[in-house]
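# Fold and geometry: a report
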Number of protein chains: 2
Amino acid sequence: MIFVFTGNGKGKTTAAIGHGIRVVGQGKKVLLIQFIKNKKWPTGEEMALREFAGRFEIITGGKGFVGILGDRLPRSVHKKAAQDTLKKASKLIFSKKFDLVILDEINVALSLKLITIKDVLSILRLIPNNLDVILTGRGAPKELIRIADLVTEFREIKHYYGKGAIAKKGREY
Amino acid sequence: MIFVFTGNGKGKTTAAIGHGIRVVGQGKKVLLIQFIKNKKWPTGEEMALREFAGRFEIITGGKGFVGILGDRLPRSVHKKAAQDTLKKASKLIFSKKFDLVILDEINVALSLKLITIKDVLSILRLIPNNLDVILTGRGAPKELIRIADLVTEFREIKHYYGKGAIAKKGREY
C-alpha cells in the first residue's frame, strides 16, 4: 500500500518513523531513505534507531536543505543526489528485503524538480504486494495523491515559530 | 511546550511516538500514557519500545474502545479508568523524571467526557519549564488549542478503509 503524509504541519517524518517502530515491533523490516537530509548532523531519531540496526535501516541520500539555511551547493549537485537516491530506493524496494520503505521528504524533492513524478510513479506502480511505502513531505503532487491508498494532510493550525521560538534539540531533530 | 495532534487522519499516535524516538535519541526520557487503549493486545509499537525500557516508558491506563467494537463495560468503568490515568499522568509530569510526556488519545477521553478539560488545563498550566507534552486524539477541544504552543490537524484526505480494506498488523497496531 502507498501512504502519503503531506501538508505544512509538523509531524510527517515522525509519523512515518513511529509507523516504522510499529512495523519493527511486529518483527518486520523497515528502511528509511532520506531525500533531502544530509549526513552532517545525526538527528535524535537516527541515533535512537541505530539500536534497531538490521531491522530499521536508514540511508541518508540528500545534500541538505536546498536553497536555504546557507546552502551554496549548485542545483546540479542536489539533483544528482536525489536521482541517485531514487535509484537506490528503487533497487531496495524491489530487493524485497523490507516490509516498509519510507521515502522521506521525497515530496520536497519532487516539488523542487530534483526528480520527476514520472520516475516515482513508475516505481510505485510496480511495488511488491506486501510492501508498504510511505512518502513524506509537503506539497505532494496530485498524481501521487491519486495513486495513494492513504493520504493524511498535516495542517499547521498553530506553531511556536510564530512566537519567536527556535529549533531545539529533541523537538526538531 | 504543549503540542496537540488532532484531526481525523491517520498518524497522530505514530507521530507522537516518532517524536519520542527523537527525544530518546538525544539522551532524554519519554513517557507515553495511553488513555483509551487497554492492555489486552500489545501493539507493535509497545513491543518495539520495550527495548527502550527506562528511556521510553509506557503506561496503559485505558479500558479499550468506548461504546464500539463489542465494548460492554459500563461507562463508569471507563470514566474511573480515565480519571485514574489522568491522576497518574499528573503525578509523573510533576515528578520531573521525563522530558517528554505523551498523553495518548486524551482528546478522545475529553470528547467522551470521561475526564474534564478543567482538570487537564489545571495540569497543563503548571507543567515544568523544560517538559514537552503531546496530547493526541481527534476532537481536541478549543480550550486546549488555545493553550497549546503547536497544533497540527491530521486531515484524512483518503483512506483505504473506504475501499474495504481492514485493520492489519503493522499498519494499525
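These notes cover the structure that comes with them. (Residues numbered from 1 in each chain as written. Chains lettered and ligands numbered in written order. Predicted model: local features only at pLDDT ≥ 70, side-chain atom pairs only at ≥ 80, totals over all residues.)

Right, let's talk about the relation of the copies chain B and chain A for a bit. By a simple turn and slide, chain B fits onto chain A: the slide is 0.0 Å along the axis, the RMSD is 0.0 Å, and the turn is 180°. On the angle and the small slide along the axis, the relation comes out as a two-fold axis. A share of 100% of the interface residues of chain B reappears at the interface of chain A, consistent with the copies meeting face to face through the same patch. (Least-squares fit on C-alpha atoms with pLDDT ≥ 70 in both. Contact = placed C-beta atoms within 7 Å.)

What follows concerns the environment of Gly-67 of chain B. Here Gly-67 of chain B shows up in the loop between strand 3 (56-60) and helix 3 (75-94). Counting along the chain gives eleven residues from Gly-67 of chain B to His-78 of chain B, while the straight-line C-alpha distance between them is 9.8 Å. (Helix = DSSP H or I, 4+ residues; strand = E, 2+ residues; numbered from the N terminus.)

Time to look at the interface of chain B and chain A. The accessible area lost on association of the parts is a frequent measure of interface size. Of the residues lining the interface, 45 residues belong to chain B; the matching set on chain A comes to 45 residues. Among the elements of the structure, helix 1 (12-25), helix 2 (44-49) and strand 6 (150-158) of chain B are those that each provide at least two residues to the side of chain B that touches chain A. Classifying every residue of the side of chain B that touches chain A gives 18 nonpolar, twelve polar and 15 charged. Alignment of strand 6 (residues 150-158) of chain A against strand 6 of chain B, held across seven bridges, turns out to be antiparallel. The residue bridging Glu-153 of chain A from the neighbouring strand is Arg-155 of chain B, located in strand 6 of chain B. (Nonpolar A, V, L, I, M, F, W, Y, C, P; charged D, E, K, R; others polar. Pairing = 2+ DSSP bridges.)

Moving on to the nonpolar core. Core analysis: the largest hydrophobic core is formed by 93 residues, its most contacted members being Val-101, Ile-102, Leu-103 and Ala-109 of chain A together with Val-101, Ile-102 and Leu-103 of chain B. Filtering out sequence-adjacent residues up to four positions away, Ile-102 of chain A remains in contact with Ala-16, Gly-20, Leu-31, Leu-32, Ile-33, Ile-134 and Thr-136 of chain A. (Core = buried A, V, L, I, M, F, W, Y, C linked by C-beta atoms within 7 Å. Buried ≥ 20, exposed ≤ 12 C-beta atoms within 10 Å, placed from the backbone.)

This part is about the sheet that holds strand 5 (residues 132-136) of chain A. Read across the sheet, twelve strands follow the order 3(A)-2(A)-4(A)-5(A)-1(A)-6(A)-6(B)-1(B)-5(B)-4(B)-2(B)-3(B) without closing on themselves; strand pairing throughout is mixed. Lying at the two open borders of the sheet, with one neighbouring strand each, are strand 3 (56-60) of chain A together with strand 3 of chain B. When the angles between neighbouring strand axes are averaged without regard to direction, this sheet yields 15°. Inspection of the sheet shows strand 2 (residues 30-34) of chain B paired to strand 3 of chain B by five bridges, in the parallel sense. By the bridge assignment for strand 3 of chain B, Leu-31 of chain B is matched with Glu-57 of chain B. Against the sheet, helix 3 of chain B contacts strand 2, strand 3 and strand 4 (100-104) of chain B, and its axis sits at roughly 170° relative to strand 4 of chain B. (Axes fitted to C-alpha atoms, helices over the stretch in contact; angles between N-to-C directions.)

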